[in-house]
Amino acid sequence: MTQVPVGGVDPMEPVGGGGGFGGDGGGGGEASALGGGAVSAERLLETRAQEAERRAAELEARVAELEGELASAVASCEAAERRREIDRSLVEAGTIDLEAAALLAEAELSRMAEPDSAVAVDELRRSRPYLFSPGERGGARSGVGRSAGATTSAATGEAGDARASAAALGGLADEARLSGDRRALLRYLRQRRGG
């Protein structure tokens, strides 16, 4: 290890008036050399301690940054999981327009004290039944628009046709949503319009 000169003076160089090891300066030079070494070691330790403190502060800042990123990633994963759960519940409930129903279900979930996607979908089904296919609801709306004199077999046929139509419409909606293809979207919109 090399010693750093203290105050511009080499601690190994004798101190004295004549430049040599005279009677006056010989003892003083040795004491000066020992004192300078202790000062150098002390300064070296102080420098190392300051460097360690600086490095610790940098690492603490990096840890805080990584904890923030982790919290953001966890929140993002939870939001994606919640959206997936909503989509699954909506598909099981037979939604026609998944995207609109999902947005409304998320709004419903945000108003709940204890969010539950199944409860939100049920509430959405009660408040906005037009978002769900009639066949999935047990045919509750399948009889709408029938004439009073329709026979039971004709009513059953119409209900079956309505369910088949709703299922086909749901399939087209799913295809358009999953593929992102404009032609699939147009097929869905045409079928929904009734043409």
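Please read these numbers as outputs of a predicted model, since none were measured by experiment.

Asks: Residues and numbers for the overall build of the protein chain, please.
Replies: Helix and strand content of the protein chain: five helices and zero strands. Within the protein chain, the fraction of its 195 residues that count as buried is 21%. Considering only residue pairs separated by 6 or more positions, the protein chain has 42% of its internal contacts joining residues 24 or more positions apart. Summing over all exposed atoms, the protein chain offers an accessible surface of approximately 13,500 Å²; the carbon and sulfur share of this is 54%.

Asks: Explain the confidence of the model for the protein chain to me, and be specific about the residues and the numbers.
Replies: Within the protein chain, residue pLDDT values average 74, and 65% of them lie at 70 or more. Note that residues 137-157 has pLDDT below 50 and, in this model, 14 contacts with residues that lie over four places away or in other chains.

Asks: If you had to explain the nonpolar core to someone new, which residues and values would you point to?
Replies: With 14 residues, the main nonpolar core has Ile-86, Leu-90, Leu-124 and Phe-132 as its most contacted residues. Elements represented by at least two residues in this core include exactly α1 (26-93), α2 (98-111) and α3 (117-127). Per-element accounting of this core gives the leading share, five residues, to α2. Excluding residues within four positions of it along the chain, Leu-90 makes contact with Thr-95, Leu-98, Ala-101, Ala-102, Val-121, Leu-124 and Phe-132. Core analysis: the next-biggest nonpolar cluster, separate from the first, contains seven residues, Ile-96, Ala-173, Ala-184 and Tyr-188 among them.

Asks: Lay out the pattern of salt bridges with the relevant residues and their values.
Replies: Counted by the stated rule, this structure contains 15 salt bridges. Note that Arg-126 is salt-bridged to Glu-123, the shortest N-O span being 3.1 Å. Within this pair, Arg-126 and its partner Glu-123 are both found in helix α3, separated by three residues, close to a single helical turn. Residue classification places Arg-126 among the exposed positions, given a relative accessible area of 58%.

Asks: If you had to explain the packing of aromatic side chains to someone new, which residues and values would you point to?
Replies: Here the structure, examined in full by the defined rule, presents zero aromatic pairs. Over the ring of Phe-132 we find Arg-125; its NZ or CZ atom is 5.2 Å from the centre of that ring.

Asks: Could you give an account of a nonpolar patch on the surface, with specific residues and numbers?
Replies: A surface patch of nonpolar side chains, amounting to about 240 Å² of accessible area, comprises Leu-185, Leu-186 and Leu-189. Considering the arrangement of structural elements, one finds Leu-185 in helix α5 (residues 182-193).

Asks: How would you sum up the environment of Pro-115? Please name residues and give values.
Replies: With respect to the helices and strands, the residue Pro-115 is situated in the loop between α2 and α3. Separated by 33 residues in the primary sequence, Pro-115 and Arg-82 place their C-alpha atoms 9.7 Å from one another.

Asks: Outline the packing of α2 against α3, listing residues and values.
Replies: Taken N-terminus to C-terminus, the directions of α2 and α3 make an angle of 115 degrees; their axes are 9 Å apart at the nearest point. In the crossing of α2 with α3, the sense of the turn from one axis to the other is right-handed. Between α2, through Ala-101, Leu-104, Ala-105, Glu-108 and Leu-109, and α3, the contact on the second element is made entirely by Ser-117, Ala-120, Glu-123 and Leu-124. Among the residues making up the contact of α2 with α3, the classes are represented as six nonpolar, one polar and two charged.

Asks: Tell me about the side chain of Ser-117, and name the residues and values.
Replies: The residue Ser-117 is located in helix α3 in this model. At 3.5 Å, the side chain of Ser-117 and the side chain of Glu-85 are in polar contact.

Asks: Give me the lowdown on α3, citing residues and values where you can.
Replies: Three or more residues of α3 are buried, namely Ser-117, Ala-120, Val-121 and Leu-124. Relative to the axis of α3, the buried residues are bounded by an arc of 100 degrees and lie together on one face.

Asks: How would you explain the environment of Ala-102 if you had to name every residue and give the values?
Replies: Mapped onto the elements of the fold, Ala-102 is located in helix α2. Residue classification places Ala-102 among the buried residues on the basis of a relative accessible area of 0%. Residues Ala-102 and Ser-89, 13 residues apart in the sequence, show an inter-C-alpha distance of 9.5 Å. Beyond its immediate stretch of four places on either side in the chain, Ala-102 contacts Arg-83, Ile-86, Asp-87 and Leu-90.

Quick notes on the rules
- Residues numbered from 1 in each chain as written.
- Predicted model: local features only at pLDDT ≥ 70, side-chain atom pairs only at ≥ 80, totals over all residues.
- Heavy atoms only, no water.
- Helix = DSSP H or I, 4+ residues; strand = E, 2+ residues; numbered from the N terminus.
- Buried < 20%, exposed > 50% of the residue type's maximum accessible area, 1.4 Å probe, protein only.
- Contact = heavy atoms within 4.5 Å.
- Areas by Shrake-Rupley, 256 points an atom, 1.4 Å probe, with all protein chains shown as cover.
- pLDDT = per-residue confidence, 0-100.
- Core = buried A, V, L, I, M, F, W, Y, C linked by side-chain atoms within 4.5 Å.
- Salt bridge = Lys/Arg side-chain N within 4 Å of Asp/Glu carboxyl O.
- Phe/Tyr/Trp six-rings, centres within 6.5 Å; stacked < 30°, edge-to-face > 60°.
- Lys NZ or Arg CZ within 6 Å of the ring centre and 35° of its normal.
- Patch = residues over 30% accessible without salt bridge, like charges linked within 9 Å, V, L, I, M, F, W, Y side chains within 5 Å.
- Axes fitted to C-alpha atoms, helices over the stretch in contact; angles between N-to-C directions.
- Left-handed = near helix turned anticlockwise from the far one by under 90°.
- Nonpolar A, V, L, I, M, F, W, Y, C, P; charged D, E, K, R; others polar.
- Polar contact = N/O pair within 3.5 Å; in protein donor to acceptor, adjacent residues only side chain to side chain.
- Arc of directions from axis to C-beta.

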